[in-house]
Amino acid sequence: MSEHFNVHGGARLVGEVEVVGAKNSVLKLMAAALLAEGTTTITNCPQILDVPLMGDVLRSVGCEVEIEGDTARITTPAELSHRADSAAMGKLRASVCVLGPLVGRLKQAVVALPGGDAIGQRPLDMHQNGLRKLGATSTIEHGCVVAKAESLVGAQIWLDFPSVGATENILMAAVLAEGSTVIDNAAREPEIADICTMLTEMGAKIEGVGTSTLTVHGVPQLNPTEHRVIGDRIVGATWAFAASMTRGDLTVRGVNSHHLDLVLDKLRLAGAEVTTFDEKGFRVVQPERPKAVDWVTLPYPGFATDLQPFAVALSAVSDGTSMITENVYEARFRFIEEMIRLSGDARTDGHHAVVRGVDRLSSAPVWASDIRAGAGLVLAGLCADGVTQVWDVFHIDRGYPHFVENLNRLGARIDRVAGEPERA
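Conventions we followed
- Residues numbered from 1 in each chain as written.
- Predicted model: local features only at pLDDT ≥ 70, side-chain atom pairs only at ≥ 80, totals over all residues.
- Heavy atoms only, no water.
- Domains from an automatic or database assignment.
- Pairing = 2+ DSSP bridges.
- Helix = DSSP H or I, 4+ residues; strand = E, 2+ residues; numbered from the N terminus.
- pLDDT = per-residue confidence, 0-100.
- Contact = heavy atoms within 4.5 Å.
- Buried < 20%, exposed > 50% of the residue type's maximum accessible area, 1.4 Å probe, protein only.
- Axes fitted to C-alpha atoms, helices over the stretch in contact; angles between N-to-C directions.
- Parallel < 35°, antiparallel > 145°, perpendicular 65-115°, else oblique.
- Left-handed = near helix turned anticlockwise from the far one by under 90°.
- Nonpolar A, V, L, I, M, F, W, Y, C, P; charged D, E, K, R; others polar.
- Salt bridge = Lys/Arg side-chain N within 4 Å of Asp/Glu carboxyl O.
- Phe/Tyr/Trp six-rings, centres within 6.5 Å; stacked < 30°, edge-to-face > 60°.

A.B. asks: How do you make sense of the domain arrangement of the protein when you look at a structure like this?
C.D. replies: Interface size is commonly expressed as the accessible surface area that is lost when the partners come together. Each assigned domain of the protein is listed with its residue range as follows: domain 1 (2-19 + 231-419) and domain 2 (23-222). On a C-alpha basis, the centroid separation for the pair domain 1 and domain 2 is 30 Å.

A.B. asks: I would appreciate a short explanation of the sheet that holds strand β21 (residues 352-356) in the present structure.
C.D. replies: Each strand in a sheet pairs with another by means of backbone hydrogen bonds, the pair being arranged parallel or else antiparallel. The strand order β18-β19-β21-β20 describes an open sheet built from 4 strands, whose pairing is mixed. Two strands bound the open sheet, and with one partner strand each, they are β18 (295-296) and β20 (345-349). Direction of pairing for β20 relative to β21: antiparallel, over a ladder of 5 bridges. The residue bridging Asp349 from the neighbouring strand is His352, located in β21.

A.B. asks: What should I look at first to understand the confidence of the model for the protein in this one?
C.D. replies: The predicted coordinates should not be examined in detail at positions where pLDDT is low. Averaged over every residue, the pLDDT of the protein is 94; the share at 70 or more is 96%. Low confidence marks residues 116-122, where pLDDT is under 50. Its contacts with residues over four positions away, or in another chain, come to 25 contacts.

A.B. asks: Just to check I follow, could you spell out the side chain of Glu168 for this structure?
C.D. replies: Positionally, Glu168 belongs in helix α5 (residues 164-174). A relative accessible area of 1% places Glu168 in the buried class.

A.B. asks: Is there a simple way to explain the packing of helix α9 (residues 308-316) against helix α10 (residues 334-341) in this structure?
C.D. replies: Where α9 contacts α10, the axes come no closer than 10 Å and their chain directions differ by 30 degrees. By the criterion of interaxial angle, the relationship of α9 to α10 is roughly parallel. Crossing of α9 against α10: the hand is right-handed. Counting all contacts with α9, which are made through Pro309, Val312, Ala313 and Ala316, the residues of α10 involved are Phe335, Ile336 and Met339. Split into classes, the residues belonging to the contact of α9 with α10 amount to 7 nonpolar, no polar and no charged.

A.B. asks: Please explain the pattern of salt bridges as it appears in this structure.
C.D. replies: It is possible for side chains of opposite charge to pair when their charged atoms get near one another. Scanning the model with the defined rule gives 15 salt bridges in all. Residue Asp56 is joined to Arg59 by a salt bridge in which the shortest nitrogen-to-oxygen separation is 2.8 Å. In this pair, Asp56 and Arg59 are both assigned in helix α2 (residues 50-60), 3 residues apart and thus about one turn of the helix distant. According to the relative accessible area criterion, Arg59 is partly exposed, its value standing at 37%. With a closest N to O distance of 2.9 Å, Arg233 and Glu191 form a salt bridge. You can see Arg233 sitting in helix α7 (residues 233-245) and its partner Glu191 sitting in helix α6 (residues 190-201), a full 42 residues away along the chain.

A.B. asks: Help me understand the pairing of strand β13 (residues 213-217), please; the structure alone is not making it clear to me.
C.D. replies: For a regular strand, the rule is simple: side chains alternate between the two faces of the sheet. As paired elements, strand β11 (residues 180-184) and β13 share 5 bridges and run antiparallel to each other. Residue pairing for β13: Thr181 is matched across the bridge by Val216. In sequence, strand β12 (residues 205-207) turns back onto β13 through a hairpin of 5 residues, with Gly208 there showing a positive phi of about 85 degrees.

A.B. asks: Just to check I follow, could you spell out the packing of aromatic side chains for this structure?
C.D. replies: How two aromatic rings sit relative to each other is set out by the distance from centre to centre and by the angle between their planes. Across all of its chains, the model carries 5 aromatic pairs by this definition. For the ring pair Phe241 and Trp295, a centre distance of 5.4 Å and an interplane angle of 45 degrees mean the geometry is tilted. Taken together, the residues span a long stretch of sequence, with Phe241 in helix α7 and Trp295 in strand β18 at a distance of 54 residues. Given the relative accessible area of 0%, Phe241 is considered buried. Using a relative accessible area of 1% as the deciding quantity, one classes Trp295 as buried.

Put into structure tokens, the structure is as follows:
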């Protein structure tokens, strides 16, 4: 049975909310547990659908996975299977991150092509090219990435684009390679630093963490560890946008505010009063209607493409005209089609969208195409007259634990309703 949210407009969000572990980190940390025999414990895990799905992926190669509350315990056996082709692989993009650890430890892998959000093409060319540089062969056969190597040897690897996924897979293969590997133009996201921290705790030797050049000195083996996931900056930013859009007052804890410096600076330009608590969180107060500002998505430390739907939603209720430029995923602007259903005034032209703000949106049935688009539509519904139906909310559940409960506690009125939509 499908579910949708009934979002009642006119809310002003006020209060305090806690951010838990980062979705974009925890799934990769779970994959990294494949690199060491024994039990690895990961804490501060978000209670979202993708965590048990990744657990199923790890079970498919022979691990025992126990998930209890915000803790995941992964017991990796001495004898692993190199085939990761469970049904769960097709349900989340991050499942491909088992490729690097399996090649690193077993020198071979057959990994089913991943699924995930419909936000545009995300090819695996750079993942495969990096493994080839390390000495592996890599092809796509029968819907799987197939990689094999007699041995892995450190190499100089240049990424054409600072891909997060490619950086992670190459990094996790290189930690057990012979000699040293240099990854140039590596992704710099905080989630990459989190993986490097955990790998170092397991015995890896990595230099340049947080920079665009990672140097990995291979070691013979790694050991299991216990690691706490960093706070989710994307969820933290979602609450920051929620405060600004609803002219509210939210204190957000559990996330490093420095991971959101650019976002918070932009919200200041929109008229918000922002107070930061360094690594502990921040507060956003929006005393009046936000002012229009322009947004451009870029790899970290630029404005994250994951946050582009929220920039569009904020612009739709701001005073003035905003331009949003999407430089990462071409299909992100699908979100604008749903905003137009809510009477948003927006036009797209290639990588650019022009959004003219209106004082109040108008409720309508809308459909989430991905995790962030779904959350963005919920926030837009809070700024609309009447009751907005948001469908395909399973996307939201993949990225936001207790989203409805938190919103209702902060002053919203949202109901989760079972039933089929009218449109096919």
